[in-house]
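# Notes for the structure review
These are the residues of each chain, in order.
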Amino acid sequence: MIIMKKDATPEQIQHVIDEVARAGLRTDVSRGQHLTVLGLVGDERRVDFAHLAALPGVKEARMIEAPYKLINREYSSAYGETSTHIIKIGPVEIGGEEPLFIAGPCAVESREALFRIAEQVKAAGAHVLRGGVFKPRSSVHSFQGLGSAGNDEAVEALTWLKEAGEAFGMPVVTEVRGEAQVELVSQFVDIIQIGSRNMYDQDLLQAAARKNLPVMFKRHFGASVEEFLCFAEYIAAEGNKDIILCERGIVPVGKGKNFTRYLLDLAAVPVVQKETFLPIIVDPSHATGRRDLIRSMSLASIAAGASGLMIEVHDRPEEALVDASQMISPAELKEIITVARQLRQIAVK
Ligand code: PEP
Ligand code: MN
């Protein structure tokens, strides 16, 4: 990273960018209130930091040791930003003091069901409506989401999602399962979701990032925190720093029963907050797979400092087409949100 002097001129900044480009790297320009800092995208070993440090207008030039540099706290604090990056999503925001609640069904099932659920999660206090149109499923014989039936069906389901969000004043989020869906989905949603299974898909990450919409980025169930952040960096490297990280559980250990679908890694929440300036939320639904554990794990996540929660909710939980066992009712959501808000006030101290 290259920290420019307070009085560095635009020409001096451009000269540094050109010098970096000569070494074959791209530059990420971050302007703080007083300072401009340049992040490097590419192999930093090709850069002569001593040469850059000697250029006019440069205060300091040094390497960030971690492999994720553009989302690193060290980078944001260099341009004077000490708090978490706040992402604005229409009328709501995430990363500030108020926790963000994303709720809705696992899958968009029908227009009627979606509108019923949207109305009730909104009344329960949710800010953002979720609903899968393209579902990642373990079996090809399971319901794949309405969008998988064809383009017309995908447009129809995405339209319902958008309309339900508009009807009840909530931005909407849905998952893109592959690059081919990015263009279409981005026309209907406020946040693009990258699911756990696709965390490693660089091409998908870059395609989604380029839509300049906030990206909700879920940790792969087999990924370390470092890998998770390394791949979030692919989104940031496209110039999109509106990344909502999401912890959703990792693969369980041992031979016997673990009693939960995945193992919720709550320590990842404060660790990620120390490492990066990006907000992190928790998805207790996919982490546990059990409706009777959603309340406790939601509150534990808020206590750990999460900036929000994503919870699967259905007005007829047992009848949900996908993930029925982890679905909670709007009434249960309301109670969780009420307590989580109170807890947040203590947790953010
Ligand atoms: C989801 O949120 O709809 C989902 C499929 O979750 P994950 O990618 O974490 O499995
Ligand atoms: Mn689900």
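Refer to the preceding data block for the structure.
Attention here is on the structure that accompanies the text. Bear in mind the structure is a predicted one, so any value in this text is a computation, not a measurement.

Conventions we followed
Residues numbered from 1 in each chain as written. Chains lettered and ligands numbered in written order. Predicted model: local features only at pLDDT ≥ 70, side-chain atom pairs only at ≥ 80, totals over all residues. Heavy atoms only, no water. Helix = DSSP H or I, 4+ residues; strand = E, 2+ residues; numbered from the N terminus. Rg over C-alpha atoms; globule rule 2.2 N^0.38 Å. Buried < 20%, exposed > 50% of the residue type's maximum accessible area, 1.4 Å probe, protein only. Donors = N, O, S within 2.8 Å, 3.2 Å for Na, K, Ca; no water. Near = heavy atom within 4 Å. Polar contact = N/O pair within 3.5 Å; in protein donor to acceptor, adjacent residues only side chain to side chain. Areas by Shrake-Rupley, 256 points an atom, 1.4 Å probe, with all protein chains shown as cover. Nonpolar A, V, L, I, M, F, W, Y, C, P; charged D, E, K, R; others polar. Salt bridge = Lys/Arg side-chain N within 4 Å of Asp/Glu carboxyl O. Axes fitted to C-alpha atoms, helices over the stretch in contact; angles between N-to-C directions. Parallel < 35°, antiparallel > 145°, perpendicular 65-115°, else oblique. Left-handed = near helix turned anticlockwise from the far one by under 90°. Contact = heavy atoms within 4.5 Å. Pairing = 2+ DSSP bridges.

### Side note on the overall build of the protein chain
Secondary structure summary: the protein chain contains twelve helices and 14 strands in total. The globule rule puts the C-alpha radius of gyration for 349 residues at 20 Å, and the 21 Å found for the protein chain is close to it. Considered along the principal axes of its C-alpha atoms, the protein chain spans approximately 65 × 45 × 45 Å. In the protein chain, buried positions account for 56% of the 349 residues.

### Observations concerning the coordination of the manganese ion (ligand 2)
Working reference: metal with six octahedral donors, ideal angles 90 or 180 degrees; metal with four tetrahedral donors, ideal angle 109.5 degrees. For the manganese ion (ligand 2), the protein coordination sphere consists of C106 (SG), H286 (NE2), E312 (OE) and D323 (OD), at 2.0 to 2.3 Å. All donors of the manganese ion (ligand 2) come from a single chain, and their spacing in sequence reads C-x179-H-x25-E-x10-D. Separated by eleven residues along the polypeptide, E312 in strand β14 (residues 308-312) and D323 in the loop between β14 and α12 (330-347) bring together distant segments of the chain. Neither E312 nor D323 differs from the other in exposure class; each is buried.

### Section: the site of ligand 1
Around ligand 1 sit R130, K135, P136, E175, Q193, G195, S196, R197, K218, R248, H286 and M310, and that is every residue in its neighbourhood. Contact between ligand 1 and R130: an oxygen atom at 2.8 Å from a side-chain N or O atom of the residue. K218 is positioned with one of its side-chain polar atoms (N or O) 2.7 Å from an oxygen atom of ligand 1. Surface burial for ligand 1 is 97%, taken as the share of its 290 Å² of free accessible area covered by protein chains. Residues of the shell around ligand 1, tallied by class, amount to two nonpolar, four polar and six charged.

### Overview of the pattern of salt bridges
Throughout the structure, instances matching the rule amount to 21 salt bridges. Across the pair R261 and D323 runs a salt bridge, and its minimum N-O distance is 3.1 Å. Here R261, found in the loop between β12 (243-247) and α9 (268-275), pairs with D323, found in the loop between β14 and α12; they are 62 residues apart in sequence, far enough to count as distant. For R261, a relative accessible area of 32% translates into the label partly exposed. The buried category is assigned to D323, whose relative accessible area is 17%. A salt bridge links E318 to R291; the shortest N-O distance between them is 4.0 Å. Of this pair, E318 sits in the loop between β14 and α12 while R291 sits in the loop between α10 (284-288) and α11 (294-303), placing them 27 residues apart in sequence.

### Describing unusual backbone geometry
Leaving glycine out, the prevailing phi sign among residues is negative, and the prevailing peptide bond configuration is trans. Phi angles above zero are rare outside glycine, and N212 is one such case at about 55°. At F259, a residue that is not glycine, the phi angle is positive and equals roughly 75°. Within the secondary structure, F259 sits in the loop between β12 and α9. Under the relative-accessibility criterion, F259 is labelled exposed at 51%.

### Some words on the packing of α11 against α12
Close contact between α11 and α12 brings their axes to 8 Å; oriented N to C, the two are set at 20°. Relative to α12, α11 is oriented roughly parallel. Considering how the two elements wind past one another, α11 and α12 form a crossing that is right-handed. For the pair α11 and α12, the contacting residues are I294, R295, S298, L299, I302 and A303 in the first and E335, I336, V339, A340, L343, R344 and A347 in the second. Tallied by class, the residues present in the contact of α11 with α12 amount to nine nonpolar, one polar and three charged.

### Examining the environment of L40
Examined against the element boundaries, L40 turns out to sit in strand β3 (residues 36-41). Remark: the alpha-carbon pair of L40 and V20, spanning 20 residues in sequence, is separated by 7.9 Å. For L40, the contacting residues outside a window of four places in its chain are I2, V20, L25, R26, V47, F49 and L70.

### Considering the sheet that holds strand β1 (residues 2-4)
Read from one edge of the open sheet, four strands run β2-β3-β1-β4, paired in antiparallel fashion. The sheet is open, and its two borders are formed by β2 (26-31) and β4 (58-61), each paired with just one other strand. Between one strand and the next, the sheet's axes are offset by a mean angle of 20°, whatever the strand orientation. Note that β2 and β3 share six bridges and pair antiparallel. What sits directly across from D28, in β3, is G39.

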